[in-house]
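Next come the chains, spelled out residue by residue.
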Amino acid sequence: MKVTVELDCTPEEARRMMGLPDVGKLNETYVKELSKFLQGASSVEQLQSFTKIIAPMGEAGIKMFSSFVSGAMGAASGKSSADKKKD
């Protein structure tokens, strides 16, 4: 049996319905601080040290995040990981 449910709601309504916290103010603060830092960065070394702070696992963490995003996009489009290997 297959059941399909369609919800017509805003992202804010969906967030509240699923019980997720409102991180709008946190996001604004994060973006503001990141912008300040990037404007003040005058060398490659400063950017590299910042990258190490936000990605403590380094390249492995970035690859893991990238594969997570790719998997989520594939799931949203209806493709499974097995389908991707065939392509």
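Residues numbered from 1 in each chain as written. Predicted model: local features only at pLDDT ≥ 70, side-chain atom pairs only at ≥ 80, totals over all residues. Heavy atoms only, no water.

A short note on the overall build of the protein
Defined as follows: The helix count covers DSSP runs of H or I at least four residues long, the strand count covers runs of E at least two residues long, and both are numbered beginning at the N terminus. The buried label goes to any residue with under 20% of its type's maximum accessible area, the exposed label to any with over 50%, and the partly exposed label to all in between, with areas taken from a 1.4 Å probe on protein chains only. Under the convention used here, a 1.4 Å probe and the Shrake-Rupley method define accessible areas, while residue burial counts only the protein chains that appear.
Summing up its helical and strand segments, the protein has five helices and zero strands in all. Relative to its 87 residues, the protein shows a buried fraction of 5%. Carbon and sulfur atoms form 62% of the exposed surface of the protein, whose accessible area is close to 8,000 Å².

Here's the deal with the side chain of Arg15
Test applied: In what follows, residue pairs with any heavy atoms lying within 4.5 Å of each other are defined as contacts.
Of note, Arg15 is situated in helix 1 (residues 11-17). In contact with Arg15, not counting residues within four places along its chain, are Leu20, Pro21 and Asp22.

Looking at the pattern of salt bridges
The criterion, for reference: Salt bridges are identified by distance alone: a Lys or Arg side-chain nitrogen within 4 Å of an Asp or Glu carboxyl oxygen.
Summed over the entire model, instances satisfying the criterion amount to two salt bridges. Here Arg15 and Glu12 are joined by a salt bridge, their closest N and O atoms 2.5 Å apart. With Arg15 and Glu12 both in helix 1 and three residues apart, the pair spans about one turn of that helix. The class for Arg15 is buried, based on a relative accessible area of 16%. Taking relative accessible area as the criterion, Glu12 reaches 33% and is therefore assigned partly exposed. Residues joined by salt bridges that share partners form a network here, namely Glu12, Arg15 and Arg16.

Comments concerning a nonpolar patch on the surface
Definition in use: A patch consists of residues whose relative accessible area exceeds 30% and which take part in no salt bridge; residues with like charges are grouped when within 9 Å of each other, and nonpolar side chains (Val, Leu, Ile, Met, Phe, Trp, Tyr) when within 5 Å.
A cluster of nonpolar side chains, contributed by Met1, Val3, Val5, Leu7, Met17, Met18 and Leu20, occupies part of the molecular surface with about 910 Å² of accessible area. With respect to the secondary-structure elements, Met1 resides in the segment before helix 1.

Quick notes on the confidence of the model for the protein
Keep this limit in mind: You can read pLDDT as the predictor saying how much it trusts each residue, on a scale of 0 to 100.
Mean pLDDT over the protein works out to 76, with 76% of the residues at or above the 70 mark. For the protein, helix 5 (residues 81-86) is the element with the lowest average pLDDT, namely 51, and helix 1 is the one with the highest, namely 89.

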